Amino acid sequence: MTERLGEYTYWLHVVSRQPGHTVVEAEPGYKPCKRPGTYRVWMASHGPVCPGCDRVCRIPAKAGLVKDDAIVVIRQPAKTTKGKTR
């Protein structure tokens, strides 16, 4: 994997842990994932990342994920208005 840091660096956070995989999504404030799906974690010099597209979506080390762990990347839910999902 080529290391790509800078303007294309995003952060993911764990939504839930399921048997056999971990569900993650973009941290609030970042653009939603443009290629949601199932992937295997890659390890970069700065820690675990999602290999799904041309962005470098980093996964915090505290998530405990290691190389080849299965992740399911989801889009963030639509923003809500008065408690209702759009």
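These numbers come from a predicted model, not from an experiment.

So, the pairing of strand S1 (residues 9-18)
Here S1 pairs with strand S6 (residues 56-58) via 3 bridges, running parallel. Bridge pairing links Trp11 to Arg58 in S6. Where S1 and strand S2 (residues 21-26) come together, 6 bridges link them in antiparallel fashion. Among the inter-strand pairings, Val14 is bridged to a residue of S2, identified as Val24. Hairpin connection from S1 to S2: 2 residues lie between these consecutive antiparallel strands, with Gly20 at a positive phi of about 90 degrees.

Some points on unusual backbone geometry
Even without glycine at this site, Asp68 takes up a positive phi of about 75 degrees. Take Asp68: it is sitting in the loop between S6 and strand S7 (70-73). Among the residues examined, Asp68 registers a relative accessible area of 44% and is labelled partly exposed.

Thresholds applied
- Residues numbered from 1 in each chain as written.
- Predicted model: local features only at pLDDT ≥ 70, side-chain atom pairs only at ≥ 80, totals over all residues.
- Heavy atoms only, no water.
- Pairing = 2+ DSSP bridges.
- Helix = DSSP H or I, 4+ residues; strand = E, 2+ residues; numbered from the N terminus.
- Buried < 20%, exposed > 50% of the residue type's maximum accessible area, 1.4 Å probe, protein only.

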